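Residues per chain are reported as follows:
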Amino acid sequence: MASLEPPFPWGRNTHRRGQDPQEMEALFGRVLSYISNALPDPPVSADGDLCILFDADGGGVDRLSLLPDKLLGNIISRLTVKEAARTAALSRRWRPIWRATPLVLVDTHLLPAGGDEIPRHLDRASSSAVAAAVSRVLAAHPGPFRCVRLACCYMGEHRTQFVRWLKILADKGVQDLFLINRPWPLQTFIKSPIPDTLFVINLTCLYLGLWKFPDTAGLPRGAAFPRLRELGLFYLCMESRDIDFVISRSPVLEVLCFQGLFLPLRLCLVSQSLRCVQISVCKLDSIVVVDAPRLERLLLQTTEPENGHTRIKIGHAPALRLLGHFKMEKNELQVGNTIIKAGTVTNPSVMVPTVKILGVTLRFGVRSDAKMLPSFLRCFPNADQLHIHSKKTTESTGRLSVKFWQESGSIKSIQSGIDMLSFRDFRGERGEVAFLKFFIENAQRLTTLVIVYANGCLGSTDEAASKAKALFAGKRASKRCLLVVCENAHAGGGDLWDYQRGSDFSSPNPLAVIECSSLGAGRWSV
């Protein structure tokens, strides 16, 4: 998981702090890149185009136009809005097809370059041109709208148009809606409330970026999202009670993603439908899973809250299968009524037996972090995959040896459960080596060990392989293991937070290592 720094100074008075315009523009670019990385790919790509081939032997007959309307509509649905609209000029046969095809509108496709990526820099003239084009498209197409993705307008400067767009989208049945604002100055987003009209649109997917969320206390009693299955909230100004409101009014919501929310949050998850919750770069005081019978994945990457720790309380979550990335230095685990501490005596009341995949971040040079790891792992006795991110620190409080881990006592998941361990940002430090040797000595079911060296730590695959193979030189519990060694592709450590993999239930393990550099990945049977 990426160790991203918050792109804004934290605090309620952020908007009052003076900033250099160039610095603010750079911050804006970072924010947009984070949001762009988190958004699902658009359903149509600018890389696709329509090319009609005529049969030379058949006297130039346009055979494509002879296809049934349903097939032609299928073709048009895969084109960008400009290319789709242009099909009306091909022939009389094509003219009604575009209007009858559910529309996909991605406003980056309306720019002269016409790409899929959200531009970091956009001048006012381009924003106005895009806004005018969006108005024309929404007026020309009768609907329904399969997907509308708007990220190229300074919407605060087109407020009247924007409100009208939402009304049109509500009337014409938009299903998936992405609204990424471009406020300037950047901090003025906290004065740009999203219109209440949003709550009357019958959406299945909603992503919002750089807005002030409306005060849900003032919304009509019937405000709800009855069909909403996926919700992404990025760099919004909103309160915990607003999130609770949205969850309670979204009875089929399955995927909930947060990034960069600006006020300290205290979340209580009560939902009969939620399957995946992802929280990144947020000030999270606490998250309490009160009653979430379908919750399978809880992925967290929080910044330090005002009280110093984020409490993660697991109550009723009988389907929870994945928890990560738990930070030993900043997160506090509570199972039921018990807060887990170093040396906590484990019993069934403090165990979560359903969890199979764990992600952990800790500093092996800090004794308090290391002492917490055994207690943490004992809470998940049936884990079969463990993903560790070794965080670099200058606050070393002890050089831990293998003996330290041996004296920590037996850990069921290591001894008889975990068959795959990935260890990211390995530097060969004594504490890291000691833990890995202890793990290899005790993990009876270990079949795969992935070691990702910190970027720039080693010069060659051979050197990395030699150091990794040395871990197996002594006592070992498993007879055969696949050893994979590579270098982290990210110089800053960690890896990119991938929301799409996190919420893709066809991907069984979104924490799996995927980003390795050109140093190469070597595989050996040891």
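None of the values given here were measured: they were computed from a predicted structure. (Residues numbered from 1 in each chain as written. Predicted model: local features only at pLDDT ≥ 70, side-chain atom pairs only at ≥ 80, totals over all residues. Heavy atoms only, no water.)

Caption draft 1: Inspection of the packing of helix H5 (residues 124-140) against helix H6 (residues 159-171) at higher detail. Where H5 contacts H6, the two axes come as close as 11 Å, and the packing angle between them is 25°. Relative to H6, the element H5 lies roughly parallel. Where H5 crosses over H6, the handedness of that crossing is left-handed. Touching Ala131, Ala132, Val134, Ser135 and Leu138 of H5 are Gln161, Arg164, Trp165, Ile168 and Leu169, all from H6. Grouping the amino acids of the contact of H5 with H6 by side-chain chemistry returns seven nonpolar, two polar and one charged. (Axes fitted to C-alpha atoms, helices over the stretch in contact; angles between N-to-C directions. Helix = DSSP H or I, 4+ residues; strand = E, 2+ residues; numbered from the N terminus. Parallel < 35°, antiparallel > 145°, perpendicular 65-115°, else oblique. Left-handed = near helix turned anticlockwise from the far one by under 90°. Contact = heavy atoms within 4.5 Å. Nonpolar A, V, L, I, M, F, W, Y, C, P; charged D, E, K, R; others polar.)

Caption draft 2: How the structure looks around helix H8 (residues 367-378). Taking burial as the measure, the twelve residues of H8 include nine buried ones, the bulk of the element. Along H8, the positions that sit buried rather than exposed are Asp369, Ala370, Met372, Leu373, Pro374, Ser375, Phe376, Leu377 and Arg378. (Buried < 20%, exposed > 50% of the residue type's maximum accessible area, 1.4 Å probe, protein only.)

Caption draft 3: Quick peek at the pairing of strand E16 (residues 420-426). Most of E16 is tucked away, with seven of its seven residues classed as buried. Bridge count for strand E15 (residues 385-390) against E16 is five bridges, and the pairing is parallel. The partner of Ile388 across the bridge, within E16, is Phe423. Pairing between E16 and strand E17 (residues 448-453): six bridges, direction parallel. Bridge pairing in E17 links Arg424 to Val452. (Pairing = 2+ DSSP bridges.)

Caption draft 4: A look at the nonpolar core. Leu105, Leu177, Leu179, Leu198, Leu208, Phe376 and Phe380 are the most contacted members of the largest nonpolar core, which has 129 residues in total. In terms of nonpolar packing, the next biggest core, distinct from the first, is built from 25 residues, Val44, Ala151, Leu210 and Phe234 among them. (Core = buried A, V, L, I, M, F, W, Y, C linked by side-chain atoms within 4.5 Å.)

Caption draft 5: Here's a closer look at the confidence of the model for the chain. Looking at the chain as a whole, its pLDDT mean stands at 85, while 88% of the residues score no less than 70. Low pLDDT (under 50) marks residues 1-6, which in the prediction has 23 contacts with non-local residues, meaning those over four places away or in another chain. Across residues 8-16, where pLDDT falls below 50, the model places 20 contacts with residues more than four positions away in sequence or in other chains. (pLDDT = per-residue confidence, 0-100.)

Caption draft 6: Main features of the side chain of Arg501. Mapped onto the elements, Arg501 comes out in helix H13 (residues 499-502). Of note is the side chain of Arg501, whose polar atom sits 3.5 Å from the backbone oxygen of Ala512. (Polar contact = N/O pair within 3.5 Å; in protein donor to acceptor, adjacent residues only side chain to side chain.)

Caption draft 7: Fine view of the side chain of Asn488. The topology assignment puts Asn488 in the loop between strand E18 (482-487) and H13. One polar contact links Asn488 to Asp425, side chain to side chain, over a distance of 2.8 Å.

Caption draft 8: Geometry of the packing of aromatic side chains. Scanning the entire structure with this criterion turns up 19 aromatic pairs. Ring centres of Phe376 and Phe380 lie 5.1 Å apart, and the angle between their planes is 55°; on these two criteria the pair is classed as tilted. On the basis of an interplanar angle of 80° and a centroid distance of 5.2 Å, the ring pair of Phe426 and Tyr453 is categorised as edge-to-face. Of the two residues, Phe426 sits in strand E16 while Tyr453 sits in strand E17, which places them 27 residues apart along the sequence. When its relative accessible area of 1% is taken as the criterion, Tyr453 is described as buried. Here a set of aromatic residues connected by ring pairs shows up, and it is made of Phe364, Phe404, Trp405, Phe423, Phe426, Phe435, Phe438, Phe439 and Tyr453. The lysine or arginine in question, Arg124, covers the ring of Tyr154, its NZ or CZ lying 4.1 Å from the ring centre. In this arrangement the basic side chain of Arg182 is found over the ring face of Tyr154, its NZ or CZ atom lying 5.9 Å from the centre. (Phe/Tyr/Trp six-rings, centres within 6.5 Å; stacked < 30°, edge-to-face > 60°. Lys NZ or Arg CZ within 6 Å of the ring centre and 35° of its normal.)

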